[in-house]
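# What the coordinates show
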Amino acid sequence: LFARLPLFEYILAGLFVLFDVELIVVRGLTAPCGLLTGLLLYVFLANVARDWRLPLVAFCLWNIFPQAVLYHRFGFSYNLLQPLIVLILWGLYHHHNQRSRWGLLLAVVGVAIGTLSDIIMWSFIPIILLATLINNWRDGVWAVPLALLPLSIWVVSQLAAPPQAFLF
């Protein structure tokens, strides 16, 4: 699959304008995503577990796990999804356990941003729908369209340009 969604590439292109087109710039984008994921994981687990040991162990393991450290050095757009996935899980946790619409909104915003980065994030749309069906189906009326809004805007903008290139 050669199609690329634009978010990671647009961020990287902006960094290339500010700095040179160098590998260190790519790593300067992906490595902080890994560190941010570790920090968000720590805060999320500290909030859920209400104990400092589990979050600390998770944070340390995340930051020394060889494959995670290796992947944070590569210029993969998946690195951008990692902190978003932690935010989505955190939001869904609060939505489910506390019936928090703010939690659902956090999850929806994470999915909405992620859908502009990688196709795999589209798989979170049914999860948002399922979460709203379990707690309050009326929330799905605004949550699912909001999660699809940025992707929809991008698709319409691409179809307004030469649509054959987009459809190919």
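Residues numbered from 1 in each chain as written. Predicted model: local features only at pLDDT ≥ 70, side-chain atom pairs only at ≥ 80, totals over all residues. Heavy atoms only, no water.

### A few points about the packing of aromatic side chains
Short version of the rule: Only Phe, Tyr and Trp rings are paired, with Trp represented by its six-membered ring, and only when their centres lie within 6.5 Å; those with planes under 30 degrees apart are stacked, over 60 edge-to-face, the remainder tilted. Comment: elements are numbered from the N terminus, with helices defined as DSSP H or I runs of at least four residues and strands as E runs of at least two. Buried means the residue's accessible area, taken with a 1.4 Å probe over protein chains only, is under 20% of the maximum for its type, while exposed means over 50%, and partly exposed covers the values in between.
Counted according to the given criterion, the structure contains 6 aromatic pairs. Ring centres of F44 and Y93 lie 6.1 Å apart, and the angle between their planes is 75 degrees; this geometry places the pair in the edge-to-face category. Separated by 49 residues along the polypeptide, F44 in helix α2 (residues 23-49) and Y93 in helix α5 (residues 78-98) bring together distant segments of the chain. F44 gets classed as buried once you look at its relative accessible area, which sits at 12%. Classification of Y93 by relative accessible area gives partly exposed; the value is 27%. Plain terms: the ring middles of F74 and F76 are 5.5 Å apart, the flat faces sit at 65 degrees to each other, and that makes the pair edge-to-face. By relative accessible area, F76 is classed as partly exposed at 36%.

### A word on the pattern of salt bridges
Which entries qualify depends on this criterion: By definition here, a salt bridge exists when the distance from a side-chain nitrogen of Lys or Arg to a carboxyl oxygen of Asp or Glu is within 4 Å.
This structure, assessed with the given rule, holds 2 salt bridges. Across the pair R53 and D51 runs a salt bridge, and its minimum N-O distance is 3.3 Å. Ionic pairing is found between D139 and R101, a salt bridge with its closest N-O pair at 2.8 Å. Of this pair, D139 sits in helix α8 (residues 139-160) while R101 sits in helix α6 (residues 101-114), and the two are 38 residues apart along the sequence. Overall, the relative accessible area of 3% leaves D139 in the buried class. With a relative accessible area of 49%, R101 lands in the partly exposed category.

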